[in-house]
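Letter by letter, the chains look like this.
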Amino acid sequence: DSYRDCSFHTAHLHLAKALVINVSATSYSSNVLYDMRTGLAMQPLPMLETLSVAHAFGEIPPHNFDLPPVDAPSLRRVTMENYFLPWRSSILTDLNLVRSKAQVGSRPSFEEILKLLRGIPTLQRLSLRNWVPETGSLAEGERRVSLPFLMRIEIRDRPTQCTMLWSALAVPASAHVI
């Protein structure tokens, strides 16, 4: 796969219901990721329901919380593996964030993860693997993140980090914890 053979076409992207992007480690993978981010940010994706992005190998790129979000109002399911792209959707039900390596430098801050989760109160399934920030806690008087519709939650990371994040979440007693 050379970069010249992996152009990112956006002409019909607005019609997509599912978008799966897998980028393998090549000397051009950062260029492919940049083109992908640029292409997705260029237009609204009104029909997109599923977004899956995987960066297969190599160093995990920065988490990119500061990028403009992908405008996908129908988005219900997001899976990001070793990569993160922000999105805009008020009906997201499934979020799966995976890092295959527990790299410290590429993790979001505690505030960024809480802001992300606060923005998706419709979540029913949440899976975080090697995504929990190294340190953090709720600020004095700050309310826990309420996820009232959560049915399943999986947080896999170091025990102290999992406990720290768990203490900042308010989930239904009926939620299945893995």
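Attention in this report is confined to the structure presented alongside it. Fair warning: this is a prediction, and the values are worked out from it, not measured in the lab. (Residues numbered from 1 in each chain as written. Predicted model: local features only at pLDDT ≥ 70, side-chain atom pairs only at ≥ 80, totals over all residues. Heavy atoms only, no water.)

**As for the nonpolar core**
Part 1 of the reasoning: Counting 44 residues, the largest nonpolar core has Leu40, Trp87, Leu95, Leu126 and Leu165 as the members making the most contacts within it.
Part 2 of the reasoning: Looking at which element gives the most residues to this core, the answer is helix H2 (residues 110-118), with five residues.
Part 3 of the reasoning: If we skip the residues at most four places from it in the chain, Leu126 touches Leu95, Leu117, Leu147, Leu150, Arg152, Ile153 and Glu154. (Core = buried A, V, L, I, M, F, W, Y, C linked by side-chain atoms within 4.5 Å. Buried < 20%, exposed > 50% of the residue type's maximum accessible area, 1.4 Å probe, protein only. Helix = DSSP H or I, 4+ residues; strand = E, 2+ residues; numbered from the N terminus. Contact = heavy atoms within 4.5 Å.)

**A closer look at H2**
Part 1 of the reasoning: Those residues of H2 that sit buried are Phe110, Ile113, Leu114, Leu116 and Leu117. The buried side chains of H2 occupy one side of the element, clustering within an arc of 160° when seen end-on. Opposite the buried face of H2, by more than 90 degrees, sit the exposed residues Glu111 and Lys115. (Arc of directions from axis to C-beta.)

**Details of the pairing of strand E7 (residues 125-129)**
Part 1 of the reasoning: Sheet analysis places strand E6 (residues 94-98) next to E7, joined by five bridges and oriented parallel. For Val98, the partnering residue across the bridge sits in E7 and is Arg129.
Part 2 of the reasoning: Across five bridges, E7 lies against strand E9 (residues 152-156) in parallel orientation. From the neighbouring strand, Leu126 faces E9, where its bridge partner is Ile153. (Pairing = 2+ DSSP bridges.)

**Description of the packing of aromatic side chains**
Part 1 of the reasoning: Summed over the entire model, instances satisfying the criterion amount to two aromatic pairs.
Part 2 of the reasoning: Their ring planes at 55° and their centres at 5.6 Å tell us that Phe84 and Trp87 sit as a pair that is tilted.
Part 3 of the reasoning: A residue is classified by how much of its surface remains accessible, and Phe84, at 1% relative accessible area, is buried.
Part 4 of the reasoning: In this structure an aromatic cluster arises from ring pairing among Phe84, Trp87 and Trp131.
Part 5 of the reasoning: Over the aromatic face of Trp131 sits the side chain of Arg99, whose NZ or CZ is 4.2 Å from the ring centroid. (Phe/Tyr/Trp six-rings, centres within 6.5 Å; stacked < 30°, edge-to-face > 60°. Lys NZ or Arg CZ within 6 Å of the ring centre and 35° of its normal.)

**Considering helix H3 (residues 159-166)**
Part 1 of the reasoning: Buried within H3 are the following residues: Gln161, Cys162, Met164 and Leu165. Taken down its axis, H3 places every buried residue within 160° of arc, on the same side. H3 presents Pro159, Thr160 and Thr163 as exposed residues on the side facing more than 90 degrees away from its buried surface.
Part 2 of the reasoning: Those residues of H3 hidden inside the fold are in contact with H2, E7, E9 and strand E10 (169-170).

**Quick notes on the environment of Met80**
Part 1 of the reasoning: Mapped onto the secondary structure, Met80 falls in strand E4 (residues 77-81).
Part 2 of the reasoning: In the structure, Met80 is positioned 60 residues away from Val20 in sequence and 10.0 Å away in space, judged by C-alpha atoms.
Part 3 of the reasoning: Excluding anything up to four places from it in sequence, Met80 contacts Leu51, Val53, Leu85, Asn96, Leu97 and Val98.

**Considering the pattern of salt bridges**
Part 1 of the reasoning: For the coordinates displayed, the defined rule picks out five salt bridges.
Part 2 of the reasoning: Put simply, Arg156 and Glu154 hold a salt bridge, and the shortest N to O gap is 2.4 Å.
Part 3 of the reasoning: Accessibility expressed as a relative area gives 44% for Arg156, which makes it partly exposed.
Part 4 of the reasoning: Relative accessible area serves as the criterion here: at 5%, Glu154 is assigned to the buried category. (Salt bridge = Lys/Arg side-chain N within 4 Å of Asp/Glu carboxyl O.)

**Concerning the side chain of Ser127**
Part 1 of the reasoning: Looking at where Ser127 falls in the secondary structure, it is placed in strand E7.
Part 2 of the reasoning: We classify Ser127 as buried; its relative accessible area is 5%.
Part 3 of the reasoning: A distance of 3.5 Å separates polar atoms of two side chains, one belonging to Ser127 and the other to Arg129.
Part 4 of the reasoning: Reaching out from Ser127, the side chain makes a polar contact with the side chain of Glu154 at a distance of 3.0 Å.
Part 5 of the reasoning: Sequence-distant contacts of Ser127, defined by excluding residues within four places in its chain, comprise Leu95, Asn96, Leu97 and Glu154. (Polar contact = N/O pair within 3.5 Å; in protein donor to acceptor, adjacent residues only side chain to side chain.)

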